[in-house]
Amino acid sequence: MSAVETNSTRARRIVQLLFGIAVAAGFMLPIAWLVAGSLRPGSQIFTSLDPLSIGSFIPPRPTLENFGSALGGTFRTGLINSIIVAACTVVVGLLVCAAAAFALSAMQWRGREVVFALIVFSFLVPEEVVAVPLSAIFARGGLQNTYVALIVPFVGNGIVIFLLRQFFLAIPRSLIEAAQVDGAGWLRIFFQIFLPLSRPALIGAGLILFNGQWQAYLWPLLVTTREDMFLAPITLGLMVGQYSSDYGQIFAASTILSLIPAVILLGFQRSFTDSVAMSGVKE
Amino acid sequence: MAMVTAYEKRIVRAAPIIRRLSKWRAAIAPLLFLAPALVGLIAFRLLPAGWLVQQSFSGPDGEFAGLDNFEFLFASPNFAKTMQATLTFVVVTVPLQTVVAFGLALLFVENSRVISLLRVLVFLPVLIPSSVAAILWGAAYRPQGLANALLRSVGVSAQPFLASPDQALMSITVMSSWIGCGFWMIFLIGGLKDIPRDLHEAASIDGAGKLSSLWHITVPLMRRPLAFVIVADTVAAFLLFAPIALLTRGGPNGSTQLIMYDVYQQAYFFNDLSLAAAEGLTLMVVMMGVILIQFRLLSREKQQ
């Protein structure tokens, strides 16, 4: 290759890289504004934008005051509720979905394909569309404002079952047979062979369950009416609705709500992208 | 000796029972493992879906009302406006996000350290809960907010964004694209990585330019991941709720009255569960119709 050509490819690469940096900066800008706003007095959040400068995104004298006041109000109750609901959903949901995936992959029985088809069919019914009739049933059954109402509907998740089944199918049958020869029952095979071997898949599945609950807005809005049962996104929404909106507190609460999943997801980043890549896009 | 014979006799007698029992146990074991998930999916997905259908053909007192709800719905100017806003939103948002996500995937497909970092930055908005994203963009769209500050810095006068019936829906599109594009990008990068490198090298030896090799090689080979992104994004666009509920409540002037928010309003402000159910069922049917058309179009291209 001639020197001229390598120079032009290098120039093109540099232009591409600069363009990429600009694009990424554009995507980051609102987040930078959010974090900066959470660290400065609420009164300065909008005034610091005029004129737009580096100081709009980096507060000169950062303070944690907003975090203190956000965590002192109703937002704290919402945050605690959100953590309880998400944690319970992940633990119970993983058990329930992994057990179902186990029955659909490790065990041989008649009707397996039909049940699997039923689970795939449940993908076709969006949670949002059934939320309204379902919440009416919950209200009639007196289940509003309970953890049960917030957690139980999300424990059986078709997509999580699907993902785990894909992973379980890759576990060799000879392992099951060897365990059976040694006298292990299905419960032991499930807990001592399948679950320990599936850590990456379980992490991915757990993240899907966690994120679903952490992001939930419609369902918690429909089944909670009492302030002590609200989840964090609802209390955050109420903070904006109040006419004395304190954007310092709102930005601090928003930062907390974003930071928790970001830390968890980035911590498990590899397992997450791996399991997303397994979701049937490639084949 | 005799005792053993008696014992053996007992075993012979019990054998069919034990066999039947172990057969029964073999059949029941999968069911026990499946039961919790199956009960959940049936109780919280399939039964409410059935209830939705039943409710949508019922009157206010639960009596069978035939197509009354649908007739009322389709004659209502409010529903026409809702449908128009929803379809406009889907038709603008899905192609926009697909194209932007594809561009991002091409830009950030390489695995160098810098590119990986930039990719993470573009992906970050995905990690932000949608309610937080809505509130953040609501603040950014305020008269003194970030969006106007950016416009001001390039000499454009202040825009009303969410306060204007002409701009509100587009502002929601920009907001949801900020969240969505990084997510769809990840799937498309996965697809791009599966394309063998030598295909492009062969094309460039044959004298094909970057653009023509993109159009004739990359795009056709990306059909599966692109189809996934288009369909999944369509579903997400039809079901958008939190930003509308938190920011515009359908306004100004009905310009952001998307269908999920309208269903919620029918049920909780107007207390008309039947009409809400009829509208929810219509949403499902329209959404499935659009997805079916997308599948048709995408698979027809394949046959060419």
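The shown structure was predicted, so the numbers you read here are calculated from the model rather than taken from an experiment.

**Thoughts on the confidence of the model for chain B**
Residue and element names in this part refer to chain B.
Then, in step 1: Model confidence for chain B is summarised by a mean pLDDT of 88, while 97% of its residues fall at 70 or above.
Then, in step 2: Per-element confidence in chain B is highest for helix α3 (residues 77–107), whose mean pLDDT is 96, and lowest for helix α8 (residues 197–205), whose mean pLDDT is 75.
Then, in step 3: Confidence estimates for the predicted assembly give a pTM of 0.87 and an ipTM of 0.87.

**Describing the packing of aromatic side chains**
Residue and element names in this part refer to chain A.
Then, in step 1: Across all of its chains, the model carries 33 aromatic pairs over all chains by this definition.
Then, in step 2: Seen in terms of ring centroids, Phe102 and Phe190 are 5.1 Å apart; in terms of plane orientation they differ by 50°. Their pairing is tilted. With a gap of 88 residues between them, Phe102 in helix α4 (residues 74–105) and Phe190 in helix α10 (residues 186–197) connect regions that are remote in the sequence.
Then, in step 3: Take Phe190: its relative accessible area is 2%, and that puts it in the buried class.
Then, in step 4: Centroid distance Tyr247 to Phe251: 5.9 Å. Interplanar angle 85°. Geometry classified as edge-to-face. With Tyr247 and Phe251 both in helix α14 (residues 247–267), this residue pair falls 4 residues apart, about one helical turn.

**Points about the interface of chain B and chain A**
Then, in step 1: With 77 residues of chain B in contact, the opposing surface of chain A contributes 85 residues.
Then, in step 2: Note on chain B versus chain A: buried area summed over both sides is about 7,000 Å², and carbon and sulfur give 80% of it.
Then, in step 3: There are 2 salt bridges connecting chain B and chain A.
Then, in step 4: Linking Arg13 of chain A and Glu110 of chain B is a salt bridge whose minimum nitrogen-to-oxygen distance equals 3.0 Å.
Then, in step 5: On inspection of chain B and its partner chain A, the count reaches 6 residue pairs in polar contact (both at pLDDT 80 or more).

**Let's talk about a nonpolar patch on the surface**
Then, in step 1: Judged by side-chain polarity, Ile14, Leu17, Leu18 and Ile21 of chain A together with Val114 of chain B come together as a nonpolar surface patch covering roughly 410 Å² of accessible area.
Then, in step 2: It is helix α1 (residues 3–38) of chain A that provides the largest number of residues to the nonpolar patch, a total of 4 residues.
Then, in step 3: Overall, Ile14 of chain A belongs to the partly exposed group, its relative accessible area being 47%.

The rules we used
Sequence order sets the numbering: in each chain, residues are counted from 1 along the sequence as written. Each chain gets a letter, beginning with A, and each ligand a number, beginning with 1, in the order they are written. Residues qualify for local features only when their pLDDT is at least 70, as the model is predicted, and side-chain atom pairs are given and counted only at 80 or more; totals for whole chains, interfaces and linings, by contrast, use all residues. To obtain the side-chain values, all non-hydrogen atoms of the structure were included, while hydrogens and water were left out. The pLDDT value tells you how sure the predictor is about a given residue, anywhere from 0 up to 100. The helix and strand labels rest on DSSP assignments: H or I over at least four residues marks a helix, E over at least two residues marks a strand, and numbering proceeds from the N terminus. Any two rings among Phe, Tyr and Trp, with Trp reduced to its six-membered ring, count as a pair given centres within 6.5 Å; such a pair is stacked if its planes are under 30 degrees apart, edge-to-face if over 60, and tilted if neither. Each residue is assigned to one of three classes by its accessible area relative to the maximum for its type, calculated with a 1.4 Å probe on protein chains only: buried under 20%, partly exposed between the two thresholds, exposed over 50%. Here, residues are in contact when the closest pair of their heavy atoms is within 4.5 Å. Note on terms: buried area is the combined drop in 1.4 Å-probe accessible area of two parts once they are placed together, counting the loss on both. When a carboxyl oxygen of Asp or Glu lies within 4 Å of a side-chain nitrogen of Lys or Arg, that pair is called a salt bridge. The definition of a polar contact used here is a pair of N or O atoms within 3.5 Å, where within protein one atom must be able to donate a hydrogen and the other to accept one, and adjacent residues in sequence count solely through side-chain atom pairs. Residues form patches when they are more than 30% accessible in relative terms and have no salt bridge. Like charges link within 9 Å. Nonpolar side chains (Val, Leu, Ile, Met, Phe, Trp, Tyr) link within 5 Å. Only the protein chains shown count as covering a residue, and every accessible area follows the Shrake-Rupley method with a 1.4 Å probe.

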